[in-house]
Amino acid sequence: MNIEIDEVIQLSIILPAYNDAKNVDVILPKLYSFLESRADCSEVILVDDGSKDNLYDVFAKQSQLTPKNVTLNLVQLSRNFGKEAALSAGLEEASGQLVAMMDSDGQHPISVLDEMLNVIEHSPVDMVAAVQETRAYESIFLKLYKNIFYRFMQDSQRYQLEPHAGDFRVMKRKVVDALLNLPERQRFMKGLYSWVGFKALYVPFQAEQRIEGKSSFNFSHLFELALIAITSFSVKPLRWISRMGFLVSIMAILYGLFIIADTIFFGRDLEGWPTLAVGIMFSAGLQLICLGVIGEYIGRIYDEVKQRPLYIVDKKWDSKKQD
Ligand code: UDP
Ligand code: MG
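Residues numbered from 1 in each chain as written. Chains lettered and ligands numbered in written order. Predicted model: local features only at pLDDT ≥ 70, side-chain atom pairs only at ≥ 80, totals over all residues. Heavy atoms only, no water.

- The name given to the chain in an unreviewed UniProt entry is Glycosyl transferase family 2, with Acinetobacter equi as the source organism.

Next comes the structure, spelled out in structure tokens:
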């Protein structure tokens, strides 16, 4: 009943999942009917990013229900490695000519996937990404934070990060191969999509509410991701701290000259220790900030030189090989 082994997979859909088994169970039947209507030979790749729920059971059930032209795969990672690593695991596994990625919590509508596939199939582009338009469910604080982040990341003249374009996208094989060729361990995918280049188009969309559960990306997670993004895509902070050091030195020289002039011309004595204390505290604080910034970059280098794999696969399952 299932597809022939040697048939070429046209479309791979990657679903990274962390504790989203219930949501996957809701999404898969919808994806199946969408893929069945397209009639192309397709595969859905579930990446279990160390979930604590029963994603395997959902896989076992859903792998019995696949349409003729669809294969369901499950890649189980040995622990939770994070969404960026889970996506890389999915990309490595995908064999389709077109590869799509979407969240497994129901926030990414299939109608938008359909639209993106139409665009990539009918226009000369290599990648189509969905850009989140209104984000009503996000707090003002989070919106502001994301806006500042994207402003900061508009760094290079050679490639631009499209604000609010996330991992919900469709890519041609050559883009996927280029992404897989990037050796870095700390992966900020949104930056890598821009870095590899190729012709990209963006379609606006409105994210839906999560079907169940809550987002794993809380503020501190996002902050960590922002640090990875900034330190792996920009040396601006390093330039800033050297400029800051320069500025503070000039201020110190000017203040020194002022004190000398004040004493020589007006005969005023030096005002005791408060000035000294403030000066010391100011420069000590500044030095700690600078050390922290340099430390972030050294931390990144430390992570990279270890050359550990991005993720470890525990087991792989394939609906074609299930009985
Ligand atoms: N996810 C993952 N590993 C993680 C965290 C999240 O694979 O460590 C998956 C999750 O199952 C979902 C997608 O990444 O399919 C987006 O996660 P989430 O909904 O928590 O984030 P948000 O929608 O707020 O960006
Ligand atoms: Mg989500």
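**As for the UniProt feature "transmembrane region" (unreviewed entry) in the chain**
Then comes step 1: UniProt tags residues 247–267 and 273–298 as "transmembrane region" (unreviewed entry).
Then comes step 2: Helix and strand shares over residues 247–267 are 95% and 0% respectively, and the end C-alpha atoms of the span are 29 Å apart. (UniProt positions renumbered as here; feature names shortened; annotations may be inferred. Helix = DSSP H or I, 4+ residues; strand = E, 2+ residues; numbered from the N terminus.)

**Here we look at the packing of helix H3 (residues 83–93) against helix H6 (residues 173–180)**
Then comes step 1: Viewed as axis vectors pointing N to C, H3 and H6 meet at an angle of 125°, and their least axial separation amounts to 10 Å. Taken together, the axis directions place H3 and H6 in an arrangement best described as oblique. Here the hand of the crossing between H3 and H6 comes out left-handed. Counting all contacts with H3, which are made through Ser88, Leu91 and Glu92, the residues of H6 involved are Val176, Leu179 and Leu180. (Axes fitted to C-alpha atoms, helices over the stretch in contact; angles between N-to-C directions. Parallel < 35°, antiparallel > 145°, perpendicular 65-115°, else oblique. Left-handed = near helix turned anticlockwise from the far one by under 90°. Contact = heavy atoms within 4.5 Å.)

**Some details on the site of ligand 1**
Then comes step 1: Neighbouring ligand 1 are 17 residues, the closest being Asp20, Asp49, Asp105, Ser215 and Ser216.
Then comes step 2: Measuring from an oxygen atom of ligand 1, one finds a backbone N or O atom of Pro16 at 2.8 Å.
Then comes step 3: Within the complex, the protein chains bury 88% of what would otherwise be the 530 Å² of accessible surface of ligand 1.
Then comes step 4: Tallied by class, residues from the shell around ligand 1 come to five nonpolar, six polar and six charged. (Near = heavy atom within 4 Å. Polar contact = N/O pair within 3.5 Å; in protein donor to acceptor, adjacent residues only side chain to side chain. Areas by Shrake-Rupley, 256 points an atom, 1.4 Å probe, with all protein chains shown as cover. Nonpolar A, V, L, I, M, F, W, Y, C, P; charged D, E, K, R; others polar.)

**Considerations on the sheet that holds strand S2 (residues 42–48)**
Then comes step 1: Sheet architecture is open: eight strands sit in the order S7-S5-S6-S4-S1-S2-S3-S8, paired in mixed fashion. Pairing within the sheet leaves two strands with one partner each, and these edge strands are strand S7 (200–205) and strand S8 (313–318). Ignoring strand direction, the axes of neighbouring strands in this sheet form an average angle of 20°.
Then comes step 2: Strand contacts of helix H4 (residues 110–122): strand S1 (11–17), strand S4 (98–101), strand S5 (127–132), strand S6 (165–172) and S7, with the helix running at about 40° to S6, the strand carrying the most contacts. (Pairing = 2+ DSSP bridges.)

**As for helix H5 (residues 140–153)**
Residue pairs three or four apart in sequence face the same way in an α-helix, which turns once every 3.6 residues.
Then comes step 1: Its 14 residues give H5 an end-to-end C-alpha distance of 20 Å, which sits within 8% of 20 Å, the value for a rise of 1.5 Å per residue.
Then comes step 2: Within the span of H5, buried status applies to Leu142, Tyr145, Phe149, Tyr150, Phe152 and Met153. For H5, the angular spread of the buried residues around the axis is 160°, confining them to a single face. Opposite its buried face, H5 presents the exposed residues Ile140, Ile148 and Arg151, each directed more than 90 degrees away.
Then comes step 3: On its buried side, H5 packs onto S6, helix H7 (189–195), helix H8 (219–233) and helix H9 (236–266). (Expected span 1.5 Å × (residues − 1). Buried < 20%, exposed > 50% of the residue type's maximum accessible area, 1.4 Å probe, protein only. Arc of directions from axis to C-beta.)

**Here we look at the packing of aromatic side chains**
Then comes step 1: A complete count under the given rule lists four aromatic pairs for this structure.
Then comes step 2: Between Tyr56 and Trp317, the ring centres sit 4.7 Å apart and the planes meet at 55°, which makes this aromatic pair tilted. Taken together, the residues span a long stretch of sequence, with Tyr56 in helix H2 (residues 55–62) and Trp317 in strand S8 at a distance of 261 residues.
Then comes step 3: Taking the relative accessible area as the measure of exposure, Trp317 reaches 27% and is therefore partly exposed.
Then comes step 4: Seen in terms of ring centroids, Phe168 and Phe205 are 5.4 Å apart; in terms of plane orientation they differ by 75°. Their pairing is edge-to-face. Within this pair, whereas Phe168 is found in strand S6, its partner Phe205 is found in strand S7, the two being separated by 37 residues in sequence. Here Phe168 and Phe205 have matching classes, each one buried.
Then comes step 5: Among the aromatic residues, ring-to-ring pairing joins Tyr56, Phe59 and Trp317 into one connected group.
Then comes step 6: The ring of Phe81 carries the charged tip of Arg79 above its face, separated from the ring centre by 3.9 Å. (Phe/Tyr/Trp six-rings, centres within 6.5 Å; stacked < 30°, edge-to-face > 60°. Lys NZ or Arg CZ within 6 Å of the ring centre and 35° of its normal.)

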